[in-house]
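Observations on the three-dimensional arrangement
Each chain is listed here by its residues.
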Amino acid sequence: MSVTIALTKGRPLKDALSLLKGIEIEPLVDITASRKLIFDTNHADIKLMVLRGIDVATYVEHGIADMGMAGRDVILEQGENGFYQPLDLKIGICQMMVAALKDEKPLPGRIKVATKFVNIAKRYYAEIGVQADIIKLYGAMELAPVTGLSHRIVDIVETGNTLKANGLVTIAHIADISARLIVNKTSMKTKYEAIQNIIMQLSLRVESQ
Ligand code: PRP
């Protein structure tokens, strides 16, 4: 019975591949240099897929991928109920933050917040009881307060370099983010042994790092 593991492309891919290498799962070609999206590995019964983070969660939820490595940011945005989350992989560590211009002007009663993480932002502002209109962006959130599109942004911060380079500072912390192992609920039953084996090995690997 074969197991498909979906990985997040971009920045987190290198760490995910090195974690898999640590448990002796390796793609047969260099994934980072390929335009392919599905890859055979040194195990005939394990395949890898490379997707955008938000799509990793969708593919796992629908059982096309049995397992995935996805950031807690996309998991919180998408909703946590569609799959199991057995393991914190402790890679891709960053923070979900609210940021604003360093020299921010006084705010109106109802503020504008630009973000890629609309659901996270809506939940956060509802929780703290601040009226906020959320403006959906797909990237370069830092530009929004600089250009006057929004008062604040909700975004992930890793080194803080992007905020600093654009004259922004963090205002509030929303969540700690790291990559999580996620597992399709049906696969967990039908492929129990193979999946438990991978979870156990990854767990030992994560703890030993
Ligand atoms: C993320 C995030 C910030 C940046 C933060 O963007 O949206 O722009 O990283 O990292 P830093 O604190 O180390 O500067 P990413 O590069 O993932 O691209 P994106 O705009 O497509 O989200």
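Everything discussed here concerns the structure shown above.
Treat the numbers as computed from the prediction; the structure is a model and nothing was measured.

For the protein chain, the count of helices and strands is eight helices and eleven strands. Counting only C-alpha atoms, the protein chain reaches 60 × 30 × 30 Å along its principal axes. In the protein chain, buried positions account for 43% of the 209 residues. Contacts in the protein chain between residues at least 24 apart in sequence constitute 67% of all its contacts with a sequence separation of at least 6.

Okay, a positive patch on the surface next. Where like charges cluster on the molecular surface, the positive patch consists of Lys9, Arg35, Arg52, Lys116 and Lys136. By secondary structure assignment, the location of Lys136 is in strand β8 (residues 132–136).

Turning our eyes to something else, we now look at the site of the ligand. Contacts to the ligand come from 13 residues, most closely from Arg11, Lys116, Thr159, Gly160 and Thr162. At a separation of 2.7 Å, an oxygen atom of the ligand approaches a polar backbone atom of Gly160. Protein chains shield 72% of the accessible area of the ligand, which is 500 Å² for the free molecule. Put simply, the parts of the chain that give the shell around the ligand at least two residues each are β9 (152–157) and α6 (161–165). Tallying contributions element by element places β9 first for the shell around the ligand, with three residues. Tallied by class, the residues present in the shell around the ligand amount to three nonpolar, five polar and five charged.

Now for helix α4 (residues 118–128). Every buried residue of α4 is listed here: Val118, Ile120, Ala121, Tyr124 and Tyr125. Summarising the axial view, the buried residues of α4 lie within an arc of 165°, below the 170-degree limit, and thus occupy one face. With respect to the buried face of α4, the exposed residues turned more than 90 degrees away are Ala126 and Glu127. Buried residues in α4 make contact with α3 (72–78), β6 (94–101), β7 (111–115), β8, β9 and β10 (168–177). Of the residues flanking the end of α4, it is Gly129, one or two places downstream, whose phi is positive at about 70°.

The rules behind each value
All chains use their own residue numbering, which begins from 1 and follows the written sequence. At least 70 in pLDDT is required for a residue's local features to be given in this predicted model, at least 80 for side-chain atom pairs to be given and counted, and no such filter applies to totals for whole chains, interfaces and linings, which use all residues. Note that water and hydrogens are dropped before the side-chain values are worked out from all heavy atoms of the structure. Strands are runs of DSSP state E lasting at least two residues, helices are runs of H or I lasting at least four, and both sets are numbered from the N terminus onward. Under the scheme applied here, a residue whose accessible area is under 20% of the maximum for its type counts as buried, over 50% as exposed, and between as partly exposed, the area being computed with a 1.4 Å probe on protein chains only. Here, two residues are considered to be in contact whenever any of their heavy atoms come within 4.5 Å of each other. Excluding any residue in a salt bridge, patches collect residues exceeding 30% relative accessible area, merging like charges within 9 Å and nonpolar Val, Leu, Ile, Met, Phe, Trp and Tyr side chains within 5 Å. Here the Shrake-Rupley method, with its probe set to 1.4 Å, supplies the accessible areas, and only the displayed protein chains count as covering residues. For this document, the term salt bridge refers to a Lys or Arg side-chain nitrogen within 4 Å of an Asp or Glu carboxyl oxygen. In this tally, Asp and Glu contribute negative charge and Lys and Arg positive charge; neither His nor the terminal groups of the chain are included. Note that the charge is assigned to NZ on lysines, CZ on arginines, CG on aspartates and CD on glutamates. Whether a residue is near a molecule or strand is decided by its heavy atoms; if any one of them lies within 4 Å of it, the residue is near. Think of a polar contact as two N or O atoms within 3.5 Å of one another; within protein, one of them needs to be a possible hydrogen donor and the other a possible acceptor, and neighboring residues in sequence only count if both atoms come from side chains. Charged residues are taken to be Asp, Glu, Lys and Arg, nonpolar residues to be Ala, Val, Leu, Ile, Met, Phe, Trp, Tyr, Cys and Pro, and polar residues to be all remaining types, Gly included. Directions from the helix axis toward the C-beta atoms define the arc.

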